[in-house]
Amino acid sequence: MSQWDKLLKKLYALDPGLRYEELKKILKRYGYSALETKGGSSHVTFRKPGSTPITLPRHTPIKKAYLDLVRQAVEESENESN
């Protein structure tokens with residue numbers, strides 16, 4: 001199993017051990033771009049044309065609600081490509 005597959009498996013399991021950097025990697029792979037503020041905000045907004053923006057905290061642990069948002073975005077992207 002590749003590292004990417006392991007990462008997606010952790011996401012689908014809503015693993016509380018997922019870090020911000022891992023979620024960022026997933027979203028970027030699915031076409032989202034990060035809108036990072038210069039003011040030192042603790043949150044980053046990810047945008048993709050035609051999709052709802054997703055705002056994630058940079059701190060750990062990341063709550064299950066945020067993991068669920070990313071999982072839904074991945075599922076929607078997978079459905080669009082099929």
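Structural notes, computed from the coordinates. On a predicted model such as this, the values are computed, not experimentally measured, just so you know. (Residues numbered from 1 in each chain as written. Predicted model: local features only at pLDDT ≥ 70, side-chain atom pairs only at ≥ 80, totals over all residues. Heavy atoms only, no water.)

**Comments concerning the overall build of the protein chain**
Helices and strands together make up the secondary structure of the protein chain, namely 3 helices and 3 strands. Overall, the protein chain shows an N-to-C arrangement of helices and strands of α-α-β-β-β-α. The dimensions of the protein chain, computed from C-alpha atoms along their principal axes, are 40 × 30 × 20 Å. By the burial criterion, 34% of the 82 residues in the protein chain qualify as buried. By element, 50% of the accessible surface of the protein chain is carried by carbon and sulfur atoms, the whole surface being about 5300 Å². The protein chain carries 15 positive and 10 negative side-chain charges, and their two centres are separated by 6 Å. (Helix = DSSP H or I, 4+ residues; strand = E, 2+ residues; numbered from the N terminus. Buried < 20%, exposed > 50% of the residue type's maximum accessible area, 1.4 Å probe, protein only. Areas by Shrake-Rupley, 256 points an atom, 1.4 Å probe, with all protein chains shown as cover. Lys, Arg positive; Asp, Glu negative; His and termini not counted. Charge placed at Lys NZ, Arg CZ, Asp CG, Glu CD.)

**Description of helix H1 (residues 3-12)**
Side chains that are three or four residues apart share a direction in an α-helix, a result of its 3.6 residues per turn. Among all positions in H1, only Trp4, Leu7, Leu8 and Leu11 are buried. Along H1, the residues classed as buried sweep out an arc of 95° about the axis, all on the same side. In H1, the exposed positions that point more than 90 degrees away from the buried face belong to Gln3 and Lys9. Contacts from the buried residues of H1 go to helix H2 (20-29) and helix H3 (64-81). (Arc of directions from axis to C-beta. Contact = heavy atoms within 4.5 Å.)

**Focus: the environment of Ile26**
With respect to the helices and strands, Ile26 occurs in helix H2. Its relative accessible area of 0% is what places Ile26 among the buried residues. A C-alpha to C-alpha distance of 14 Å links Ile26 and Thr55, two positions 29 residues apart in sequence. Apart from the residues within four sequence positions on either side, Ile26 is in contact with Trp4, Leu7, Leu8, Leu11, Val70 and Val74.

**A word on unusual backbone geometry**
Along the chain, Thr60 connects to Pro61 via a cis peptide bond; the corresponding omega equals 0°. Structurally, Pro61 can be placed in the loop between strand S3 (54-57) and H3. Residue Leu14 is not a glycine yet carries a positive backbone phi of 55°. Position of Leu14 relative to the elements: it lies in the loop between H1 and H2. The exposure class of Leu14 is buried, given its relative accessible area of 14%.

**Regarding the sheet that holds strand S1 (residues 33-35)**
In space, the 3 strands of this open sheet follow the order S1-S2-S3, with antiparallel pairing throughout. Here the strands that pair on one side only, and so sit at the sheet edges, are S1 and S3. For this sheet the average axis-to-axis angle between neighbouring strands, irrespective of direction, equals 35°. Here H2 sits on the sheet and contacts S1, strand S2 (43-47) and S3; the angle it forms with S3, its principal contact strand, is near 160°. In this fold H3 packs onto S2 and S3, with an angle of close to 140° to the strand it touches most, S3. (Pairing = 2+ DSSP bridges. Axes fitted to C-alpha atoms, helices over the stretch in contact; angles between N-to-C directions.)

Purely geometric numbers; function is a separate question.
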